[in-house]
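Below, each chain spelled out in residue letters.
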Amino acid sequence: MERRVSERAVTHRIALYLQALFPHHFVDCEYNRNHEGAKTIEVRLARLGARKRQEFIQRAVDGGMPRNEAEQLAAVATNPLPDLIVHRRLSNEHNLLIAEIKVPGDSRGQGGRLYDLEKLRAFTELPPYRYRLGVFADIGATSADLTLVQNGQVTSHIPLHKGNFPVIAAFPVSLAD
């Protein structure tokens, strides 16, 4: 990723690859629907406790996010928009994968990354969604770091470097339906 490619372009390309692996599911980017309504869930960083919340706010501010934005993110978000999901539309019984993708040049810095990780925790833990796997992919020019989330908990961290990018079948979780 030597050129500055947008997060949406990278996410779309990943979605095309994943669609071939999941022919009986939809792979959607920035999909915000749940049945006939909007996809909503409370992503509360405050549930982590006062000390963790303050740490989040400080890291976000240190990463360049204005303090008022960091405090708003630390409170609650009810309409988060996942970067990528693998699911069956009009059902929450087959929510396989939810992913947040970050590329170089993300203007939200560390605060945005922490918020996206908390979003994955919520979507893999809380009803009605309970995705089987959450993936936070921080993609650089010659490397990527994957953080895997299941049942609201970080389960694995996989550093990848040019030449050793795995296929999704290598993930330490079954996505079989």
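All of the points below concern the structure found in this document. Keep in mind the model is a prediction, meaning the values are calculated, not measured.

### Observations regarding the sheet that holds strand 8 (residues 153–161)
The strand order 1-4-5-6-7-8 describes an open sheet built from six strands, whose pairing is mixed. Two strands close off the open sheet at either side, each with one partner strand: strand 1 (26–29) and strand 8. Mean inter-strand twist for the sheet, computed between neighbouring axes without regard to direction, equals 15°. Summarising the sheet, strand 6 (residues 133–139) and strand 7 (residues 143–150) pair through six bridges and their orientation is antiparallel. Across the sheet, residue Val135 finds its bridge partner in strand 7, namely Leu148. Packing of helix 1 (residues 7–21) onto the sheet brings it into contact with strand 1, strand 4 (84–87), strand 5 (97–102) and strand 6, and relative to strand 1 it is tilted by some 180°.

### Focus on the packing of aromatic side chains
Applying the stated criterion to the full structure yields two aromatic pairs. Taking the ring centre of Phe26 as reference, the NZ or CZ of Arg89 above it sits at 3.8 Å.

### So, the pairing of strand 8
Pairing analysis gives eight bridges linking strand 7 to strand 8, with the strands arranged antiparallel. Along strand 8, the bridge assignment pairs Ala144 with Leu160.

### Looking at the nonpolar core
If you look at the biggest cluster of nonpolar residues, it comprises 20 residues, and the most contacted ones within it are Leu18, Leu84, Val86, Leu97, Ile101 and Val135. Going through the elements one at a time, helix 1, strand 4, strand 5, strand 6 and strand 7 are the ones with two or more residues in this core. Take this core: its biggest share by element is four residues, from strand 6. Apart from residues no more than four positions distant in its own chain, Val86 is found in contact with Leu18, Phe22, His25, Phe26, Val27, His94, Asn95, Leu96, Leu97 and Tyr131. Judged by nonpolar contacts, the second largest core, of 10 residues, contains Ile85, Ile98, Leu120 and Phe136.

### Section: the side chain of Thr147
The topology assignment puts Thr147 in strand 7. When its relative accessible area of 13% is taken as the criterion, Thr147 is described as buried. At a separation of 3.4 Å, a polar atom in the side chain of Thr147 contacts the side chain of His157.

### Comments concerning helix 1
Taking 1.5 Å of rise per residue, 15 residues should cover 21 Å, and helix 1 covers 21 Å from first to last C-alpha, within 8% of that figure. All of the buried residues along helix 1 are Val10, Thr11, Ala15 and Leu18. Along the axis of helix 1, the buried residues cluster in a sector spanning 140°; they form a single face. Turned more than 90 degrees off the buried face of helix 1, the exposed positions are Tyr17 and Ala20. Where helix 1 is buried, its residues contact strand 1, strand 4, strand 5 and strand 6.

What counts as what
Residues numbered from 1 in each chain as written. Predicted model: local features only at pLDDT ≥ 70, side-chain atom pairs only at ≥ 80, totals over all residues. Heavy atoms only, no water. Pairing = 2+ DSSP bridges. Helix = DSSP H or I, 4+ residues; strand = E, 2+ residues; numbered from the N terminus. Axes fitted to C-alpha atoms, helices over the stretch in contact; angles between N-to-C directions. Contact = heavy atoms within 4.5 Å. Phe/Tyr/Trp six-rings, centres within 6.5 Å; stacked < 30°, edge-to-face > 60°. Lys NZ or Arg CZ within 6 Å of the ring centre and 35° of its normal. Core = buried A, V, L, I, M, F, W, Y, C linked by side-chain atoms within 4.5 Å. Buried < 20%, exposed > 50% of the residue type's maximum accessible area, 1.4 Å probe, protein only. Polar contact = N/O pair within 3.5 Å; in protein donor to acceptor, adjacent residues only side chain to side chain. Expected span 1.5 Å × (residues − 1). Arc of directions from axis to C-beta.

Purely geometric numbers; function is a separate question.
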